[in-house]
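Structural features, examined
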Amino acid sequence: GEMLRPVMASVAPDGEGLEPRTLLVDCQPQGIVCLEVVVEKASVRSANRLEAPALGAPRAAGELIFAQAQDYNGWVQLAGEPGWALAEERWRGHDRVLLAVREDRALRHMDLWAVAALWAAARHRRGVAPLSADDIDALKCAERTATALAWELLAQLSAGGAADLVADGLLEEGELDLSQVEILRLLFARSLEQVAVGLDELV
């Protein structure tokens, strides 16, 4: 695993009294972290400062954001999409969380880059319009469905169904020797691709 790499800090809003620190300190096995918007809306900007131009529509409450880097003042750099988002607002010693890290053990078995790509495709499809509550629910449902399918396929593999999975294009011969977690992530990503076909209005 690895921590999200820190980058040069932006200038603190009030310019004083804030000790620079990284927001995300836990190791991220896939080099990416999943966060959820926990305020009414959160802007994505071209740089890690409030005066930077906004990119696209604001992210609505419940949307997932994926980050691959962070600075020392609460900003995270998006993964799979351009821009920065303020995850924690800091003002004279008072912290306000805008983006909360998803604490879900199931994330370990998902290919987070595949999930990030799904959300990025949906936002690209919507253009300047924000994702609706129905859009957000559909994307989260796709993740749950792909997770269930991946576990079913892993059970099939454990029961001696490797040849069928290879024949169906869900695994390659060389991938059968990977660890269970790695195989599960591959099965999740390929299941998500199939589920996404039913989201053609979104992705």
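The present account deals with the structure reproduced in this document. On a predicted model such as this, the values are computed, not experimentally measured, just so you know. (Residues numbered from 1 in each chain as written. Predicted model: local features only at pLDDT ≥ 70, side-chain atom pairs only at ≥ 80, totals over all residues. Heavy atoms only, no water.)

1. Comments concerning the overall build of the protein chain
The number of helices and strands found in the protein chain is 4 helices and 11 strands. Counting all 203 residues of the protein chain, 46% fall into the buried class. Long-range contacts, defined as pairs at least 24 residues apart, comprise 67% of the intrachain contacts of the protein chain with a sequence gap of at least 6. A total of about 10,700 Å² of accessible surface is found on the protein chain, and carbon and sulfur atoms cover 52% of it. (Helix = DSSP H or I, 4+ residues; strand = E, 2+ residues; numbered from the N terminus. Buried < 20%, exposed > 50% of the residue type's maximum accessible area, 1.4 Å probe, protein only. Contact = heavy atoms within 4.5 Å. Areas by Shrake-Rupley, 256 points an atom, 1.4 Å probe, with all protein chains shown as cover.)

2. Things to note about the pairing of strand E7 (residues 75-78)
Summarising the sheet, strand E6 (residues 64-70) and E7 pair through 3 bridges and their orientation is antiparallel. Its bridge partner being in E7, Ala69 is matched across the sheet by Gln77. Across 3 bridges, the pairing between E7 and strand E8 (residues 84-86) is antiparallel. The partner of Gln77 across the bridge, within E8, is Trp84. Linking E7 to E8, which pair antiparallel, is a turn of 5 residues; within it Gly80 sits at a positive phi near 80 degrees. (Pairing = 2+ DSSP bridges.)

3. As for the pattern of salt bridges
Evaluation of the coordinates by the stated rule reveals 10 salt bridges. Ionic pairing is found between Glu63 and Arg123, a salt bridge with its closest N-O pair at 2.5 Å. In this pair, Glu63 sits in the loop between strand E5 (59-60) and E6 while Arg123 sits in helix H1 (residues 112-126), placing the two residues 60 residues apart along the sequence. Its relative accessible area of 1% is what places Glu63 among the buried residues. Among the residues examined, Arg123 registers a relative accessible area of 9% and is labelled buried. A salt bridge links Arg96 to Glu89, with the nearest nitrogen and oxygen atoms 3.4 Å apart. Residue classification places Glu89 among the partly exposed positions, given a relative accessible area of 32%. Through salt bridges with shared partners, a single ionic network connects Arg59, Glu63, Glu81 and Arg123. (Salt bridge = Lys/Arg side-chain N within 4 Å of Asp/Glu carboxyl O.)

4. Some words on the environment of Leu170
With respect to the helices, strands and loops of the structure, Leu170 is situated in the loop between helix H3 (162-167) and helix H4 (180-196). The spatial distance from the C-alpha of Leu170 to the C-alpha of Phe188 is 9.6 Å, given a sequence separation of 18 residues. Setting aside residues no more than four positions away along its own chain, Leu170 makes contact with Leu153, Leu165, Leu187, Arg190 and Gln194.

5. Describing the side chain of Gln30
Following the sequence through the fold, Gln30 ends up in the loop between strand E1 (5-6) and strand E2 (33-37). In this structure the side chain of Gln30 is engaged in a polar contact, spanning 2.7 Å, whose partner is the backbone oxygen of Met110. For Gln30, the contacting residues outside a window of four places in its chain are Leu107, Arg108, Met110, Asp111, Leu112, Trp113 and Arg185. (Polar contact = N/O pair within 3.5 Å; in protein donor to acceptor, adjacent residues only side chain to side chain.)

6. As for the packing of helix H2 (residues 133-158) against H4
Between H2 and H4, whose axes approach to 8 Å, the crossing angle comes to 130 degrees. With respect to H4, the element H2 is oriented oblique. Classified by chirality, the crossing of H4 by H2 is right-handed. In this structure, H2 uses Ala142, Glu143, Thr145, Ala146, Thr147, Leu149, Ala150, Trp151, Leu153, Leu154 and Leu157 to contact H4, whose residues at the interface are Gln180, Ile183, Leu184, Leu187, Phe188, Ser191, Leu192 and Val195. Per-class residue counts for the contact of H2 with H4 are 14 nonpolar, 4 polar and 1 charged. (Axes fitted to C-alpha atoms, helices over the stretch in contact; angles between N-to-C directions. Parallel < 35°, antiparallel > 145°, perpendicular 65-115°, else oblique. Left-handed = near helix turned anticlockwise from the far one by under 90°. Nonpolar A, V, L, I, M, F, W, Y, C, P; charged D, E, K, R; others polar.)

7. Some remarks on the nonpolar core
Judged by nonpolar contacts, the single largest core of 37 residues is most densely connected at Phe66, Trp119, Leu139, Leu171, Leu187, Phe188 and Leu192. Elements with a contribution of two residues or more to this core: E6, H1, H2 and H4. Looking at this core element by element, the count peaks at 9 residues for H4. Filtering out sequence-adjacent residues up to four positions away, Phe66 remains in contact with Ile32, Val33, Cys34, Gln77, Leu78, Ala79, Leu112, Val115, Ala116 and Trp119. Listed in part, the 17 residues of the second largest apolar core include Ala42, Ala67, Val76 and Leu86. (Core = buried A, V, L, I, M, F, W, Y, C linked by side-chain atoms within 4.5 Å.)

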